[in-house]
Each structure stands twice: as C-alpha cells, then as structure tokens.
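Letter by letter, the chains look like this.
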Amino acid sequence: KAAEQGNAAAQYNIGSCYEDGDGVEEDLKQAVYWYKKAAEQGNINAQTALASHYFYGAGVEKDVKQGLNWFLKAAENGDRGAQFRLGDLYGKGEDIEQNFEQAAYWMLRSHLHQDQDLLKRIVFRGPHFDGVLKSIPDVLKKYPEFYGPKKIELHLPKFSQAATAVVDQLIRFDPSIEIIVISVGGEYDPEQVDPLLVQLINSLREENTSITELEFEMQIGDIDVEMQSQL
C-alpha cells in the first residue's frame, strides 16, 4: 500500500522482495518496475539496483547506456557501491570504453573521507590495475578534494614496479599522507617483492616526506605475511 501511494523506500523494498523471491515468487520484471519508480524519486539504493538490471539485461532489455546513466546518478548522489562499480567498469572496459582516469576517479571517490577523514582506500583487481594506478597522479592534480586523508591503503592483485612508482608519485602530490598500507592478494615471490620493497622504503626515506610508516600485507595460502617499517 505504501509503495502504491508513492513511498520510494517502500517501492525499493517491494522491488527487492521480487528480486529475491522474499515472500513472493521471484519476478525480475516486477523488481525492475518498482526499482524504477523508486529510482525516479531519487532513492539511491533503487538507482544502483536499476542500473545493474539495465546494464546486464536482468528483467529488462539490456541497455548499457541506461545502466551507466543510473550508475552515474547513484554515484553522484553519494552511493559508494555505485561509485566503486563505476570505477571497476571503467577499469575493465566492460561494455563501455575503457577509461583508466575515470576508473581511478571513481575508485578514489568511493572511499573518500571514510574513517573520520583519516583514510582513503583504493582497491584494484583484474589485469587492468596497472593502468588505473598510473592514472592516479593525474586525477589528484585535477581533483584537489582527494587531498587530506592521512592514511592511504592500496589493495592490489600483485606487487609490481608500477605500484612502487605510483606510491612515489602519490606522496609528491599529496604531502598530507603519513601512513601507507599495501595489501597484496597474489602469491609472495621474494625475488620479485623484496627488492621492490627495499627500493620503496629507500625512496620514501630519501624523499624526506611526512610519511612515518609503511605497512605491507600479503597472504601465502593460510599464512599472512606482514611487514611494518618505521620511516
């Protein structure tokens, strides 16, 4: 009744019920119907959900342009999930033109000013991450709102020369950073990783920046490898 009377939150909830088959038979067309009603009223959750349905053609004819449009609406309205998805889509070039700068922008924005303005987190995955990494300094030049947080986390699928080069550039463009955390999901190869870490630590020390600590985390099977260096 509330949904039929125009309550956007209720419309979104009805859409979720139809999507999940929660209390009703699963019906993606009905889910899209209610998501669209809520999205048009500015409900951010509905905008993100509707974007996915259009982008992947679930319960509605696939329309990448419409999907991207709703992702952008939700992202610009502050939905971190939509912002991260945009970063991921632009990075992969999935059904849209690959754009590493846009990927870096939305990845940064999705984690901007979390943890009481002390942290910004950048999560990369997939083979495109080198291209996104290299775009970060240009994004920082164009969007000064990304300056400020004292701690930056880089979540990478592998530790590479590109990663160390970008960290080096990051500290030049954002002198407020004090702590860097690098978390790597790939396998630990000491012949590759150790020299890069030594190179990075030496570079950070030589730059004489405000950075006081570097943390490095990596998982080998069930074993967590952690390194902390005071600078």
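The rules we used
- Residues numbered from 1 in each chain as written.
- Predicted model: local features only at pLDDT ≥ 70, side-chain atom pairs only at ≥ 80, totals over all residues.
- Heavy atoms only, no water.
- Helix = DSSP H or I, 4+ residues; strand = E, 2+ residues; numbered from the N terminus.
- Buried < 20%, exposed > 50% of the residue type's maximum accessible area, 1.4 Å probe, protein only.
- Contact = heavy atoms within 4.5 Å.
- Areas by Shrake-Rupley, 256 points an atom, 1.4 Å probe, with all protein chains shown as cover.
- Salt bridge = Lys/Arg side-chain N within 4 Å of Asp/Glu carboxyl O.
- Phe/Tyr/Trp six-rings, centres within 6.5 Å; stacked < 30°, edge-to-face > 60°.
- Lys NZ or Arg CZ within 6 Å of the ring centre and 35° of its normal.

**So, the overall build of the protein chain**
Line of reasoning, step 1. Tallying secondary structure elements over the protein chain gives ten helices and five strands in all.
Line of reasoning, step 2. In the protein chain, which comprises 231 residues, the proportion classed as buried is 44%.
Line of reasoning, step 3. Sequence-distant contacts, at least 24 apart, represent 62% of the contacts inside the protein chain between residues at least 6 apart.
Line of reasoning, step 4. Within the structure as shown, the protein chain displays about 11700 Å² of accessible surface, and the carbon and sulfur contribution to it stands at 45%.

**Quick notes on the pattern of salt bridges**
Line of reasoning, step 1. Scanning all chains against the criterion turns up three salt bridges.
Line of reasoning, step 2. Of the charged contacts in the structure, one is a salt bridge between Glu-101 and Lys-142, with a shortest N-O distance of 2.7 Å. One end of the pair, Glu-101, is in helix 6 (residues 100-110); the other, Lys-142, is in helix 8 (residues 129-142), and 41 residues separate them in sequence.

**Observations regarding the packing of aromatic side chains**
The relation between two aromatic rings is expressed through the spacing of the ring centres and the mutual angle of the planes.
Line of reasoning, step 1. Applying the stated rule across the entire model yields six aromatic pairs.
Line of reasoning, step 2. A cation over an aromatic ring shows up here: Lys-73 above the ring of Trp-70, its NZ or CZ 5.7 Å from the ring centre.

**A look at the environment of Ser-160**
Line of reasoning, step 1. The residue Ser-160 is located in the loop between strand 2 (151-156) and helix 9 (161-173) in this model.
Line of reasoning, step 2. Judged by its relative accessible area of 7%, Ser-160 is buried.

**Thoughts on the side chain of Ser-135**
Line of reasoning, step 1. Structurally, Ser-135 is set in helix 8.
Line of reasoning, step 2. Residue contacts for Ser-135: discarding those within four places in its chain leaves Phe-100, Glu-101 and Ala-104.

The analysis is restricted to geometry; functional conclusions fall outside its scope.
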